[in-house]
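If you want the building blocks of each chain, they are given just below.
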Amino acid sequence: MEHVVKAVRNMIPLTLTNPDNPRIKELEEMEEWKDEIDQKAESLVRRELWCGLGYLLVQTAAFMRLTFWELSWDVMEPICFYLTSAYFMAGYTFFLRTSKEPSFEGFFQSRFASKQKKLFEDQNFDIQRYNELRRAIHPYSSSLSEERKPFSSPLGGCGRTRFDQASCQPCNC
């Protein structure tokens, strides 16, 4: 009978058993702090993306000037070809390093994770404690929003969860 009681008690989430638990308050504070870090990381990445757009605009204007006024298309065509090849190689390198498709969204996600990780370190945010509290307070919650899921860096590894969904084998990345 005791085994049944323990099993049922373990299945009931902690938030239902003790709403005045100090770990819940600690988690709420950490979630607010993490939200601030996420907002700052997003604004830093957006600033980088706007600077990238500015760079591309200036480059395009310079190439137009060189093509139509200073030089000719015969001179600029190989330059444009090699620059485009360099951009392709940069995109492929991005894919090899991050295992994300070289798109604006993939670049945003990668830069966001990098900035977020750096801000966690700079502000001494204990991500292990945060993940521990999330798992303890919401052990069976499968509908957590993306920003509320325990943090795992997409930088490195294969991008899968700890266990491969298809074969239930540990991930060896």
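No experiment lies behind these values; they were computed from the predicted model shown. (Residues numbered from 1 in each chain as written. Predicted model: local features only at pLDDT ≥ 70, side-chain atom pairs only at ≥ 80, totals over all residues. Heavy atoms only, no water.)

Caption draft 1: View of the overall build of the protein chain. Scanning the protein chain for helices and strands turns up six helices and zero strands. In the protein chain, the order of α-helices and β-strands from amino to carboxyl end is α-α-α-α-α-α. Within the protein chain, the fraction of its 173 residues that count as buried is 21%. Looking at the protein chain alone, contacts between residues at least 24 apart form 62% of all its contacts between residues at least 6 apart. (Helix = DSSP H or I, 4+ residues; strand = E, 2+ residues; numbered from the N terminus. Buried < 20%, exposed > 50% of the residue type's maximum accessible area, 1.4 Å probe, protein only. Contact = heavy atoms within 4.5 Å.)

Caption draft 2: Representation of a nonpolar patch on the surface. A cluster of nonpolar side chains, contributed by Phe88, Met89, Tyr92, Phe95 and Leu96, occupies part of the molecular surface with about 590 Å² of accessible area. For Met89, the location among the structural elements is in helix H4 (residues 73–98). (Patch = residues over 30% accessible without salt bridge, like charges linked within 9 Å, V, L, I, M, F, W, Y side chains within 5 Å. Areas by Shrake-Rupley, 256 points an atom, 1.4 Å probe, with all protein chains shown as cover. Salt bridge = Lys/Arg side-chain N within 4 Å of Asp/Glu carboxyl O.)

Caption draft 3: How the structure looks around H4. Here H4 is 26 residues long and its end C-alpha atoms lie 36 Å apart, about the 38 Å a rise of 1.5 Å per residue gives. Buried within H4 are the following residues: Met76, Cys80, Gly91, Phe94 and Thr98. Positioned one or two residues after H4, Ser99 has a phi angle of 60°, which is positive. (Expected span 1.5 Å × (residues − 1).)

Caption draft 4: Representation of the nonpolar core. Counting residues in hydrophobic clusters, the biggest one holds 15 residues, and the most contacted among them are Phe125 and Tyr130. Where this core is concerned, the elements lending two or more residues are helix H3 (22–70), helix H5 (104–122) and helix H6 (127–137). Take this core: its biggest share by element is six residues, from H3. (Core = buried A, V, L, I, M, F, W, Y, C linked by side-chain atoms within 4.5 Å.)

Caption draft 5: Summary view of the confidence of the model for the protein chain. In this model, the protein chain carries an average pLDDT of 79, and 72% of its residues clear a pLDDT of 70 or more. Here helix H2 (residues 14–17) stands out as the element of the protein chain with the lowest mean pLDDT, 50, in contrast to H4, whose mean of 93 is the highest. This model gives residues 142–150 a pLDDT under 50, and the stretch forms 12 contacts once residues within four places in sequence are excluded. Note on residues 152–173: pLDDT under 50 across the span, and 18 contacts to partners over four residues away in sequence or across chains. (pLDDT = per-residue confidence, 0-100.)

Caption draft 6: Up close: the packing of H3 against H4. Relative orientation of the contacting elements H3 and H4 amounts to 160°, with a least axis distance of 9 Å. Classified by the interaxial angle, the pair formed by H3 and H4 is roughly antiparallel. For the pair H3 and H4, contact is made by Tyr55, Leu56, Gln59, Phe63, Leu66 and Thr67 and by Trp73, Met76, Ile79, Cys80, Leu83 and Tyr87, respectively. Counted by class, the contact of H3 with H4 contains 10 nonpolar, two polar and no charged residues. (Axes fitted to C-alpha atoms, helices over the stretch in contact; angles between N-to-C directions. Parallel < 35°, antiparallel > 145°, perpendicular 65-115°, else oblique. Nonpolar A, V, L, I, M, F, W, Y, C, P; charged D, E, K, R; others polar.)

Caption draft 7: Structural detail: the environment of Pro102. Position of Pro102 among the secondary structure elements: in the loop between H4 and H5. Here the alpha-carbon distance between Pro102 and Tyr92, two residues 10 residues apart in the chain, equals 7.0 Å. In this view, Pro102 contacts Gly91, Phe94 and Phe95; residues no more than four positions away in its chain are not counted.

Caption draft 8: A look at a negative patch on the surface. A cluster of like negative charges, contributed by Glu28, Glu29, Glu32 and Glu36, occupies part of the molecular surface. Within the secondary structure, Glu29 sits in helix H3. Assessed through its relative accessible area of 56%, Glu29 is described here as exposed. (Lys, Arg positive; Asp, Glu negative; His and termini not counted. Charge placed at Lys NZ, Arg CZ, Asp CG, Glu CD.)

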